[in-house]
Amino acid sequence: MKYMMLIYAGSPDAAPTCTVEDWVAYDKEVQEAGIFVTGHSLADLTTATTVRVDPSGERTVTDGPFAETREVLGGYYVIDVPNLDVALDWAARCPGARDGGTMEVRPVAEFEG
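Residues numbered from 1 in each chain as written. Predicted model: local features only at pLDDT ≥ 70, side-chain atom pairs only at ≥ 80, totals over all residues. Heavy atoms only, no water.

### Thoughts on the overall build of the chain
Turning to step 1, where the next piece is worked out: Summing up its helical and strand segments, the chain has two helices and six strands in all.
Turning to step 2, where the next piece is worked out: Beginning at the N terminus, the succession of helices and strands in the chain can be written as β-α-β-β-β-β-α-β.
Turning to step 3, where the next piece is worked out: For the chain, the share of sequence-separated contacts (at least 6 apart) that also reach a separation of at least 24 residues comes to 75%.
Turning to step 4, where the next piece is worked out: Total accessible area on the chain stands at roughly 7,800 Å², and carbon and sulfur atoms take up 54% of it. (Helix = DSSP H or I, 4+ residues; strand = E, 2+ residues; numbered from the N terminus. Contact = heavy atoms within 4.5 Å. Areas by Shrake-Rupley, 256 points an atom, 1.4 Å probe, with all protein chains shown as cover.)

Laid out in structure tokens, this is it:
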């Protein structure tokens, strides 16, 4: 089953203790385990643009992320593993789970047709 692991960094002001080498090692581990489907790091939060469409169909475009929050979506992995418990184990290993970060794990919906 495919799961998306959304990587939310803690406060942008907090200094992370994980290194680039930690991320490279985790990427390698996920790839070597044969569970990697896709994943990307997102550009800086300041590059975000939000689009909202009201009931009349008029759109509003604003700079910045959708919600006011202290956590910042930094990237994601999609992995293919047997069940949620295995996905949670991989999420716990991710450097993004450290330093006040959060890993949100959700099944990927698959539609027929």
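This is not the end of the story, as more comes after the structure.
### What to know about the pattern of salt bridges
Turning to step 1, where the next piece is worked out: Under the defined criterion, the tally for this structure stands at four salt bridges.
Turning to step 2, where the next piece is worked out: A salt bridge links Glu 29 to Arg 93; its shortest N-O distance comes to 3.1 Å. Taken together, the residues Glu 29 in helix α1 (residues 20–32) and Arg 93 in helix α2 (residues 84–93) connect sequence positions 64 residues apart.
Turning to step 3, where the next piece is worked out: Looking at Glu 29, the relative accessible area reads 36%, which means it is partly exposed.
Turning to step 4, where the next piece is worked out: Close ionic contact of Arg 106 with Glu 104 constitutes a salt bridge, the shortest N to O distance being 3.6 Å.
Turning to step 5, where the next piece is worked out: A relative accessible area of 28% means that Glu 104 is categorised as partly exposed. (Salt bridge = Lys/Arg side-chain N within 4 Å of Asp/Glu carboxyl O. Buried < 20%, exposed > 50% of the residue type's maximum accessible area, 1.4 Å probe, protein only.)

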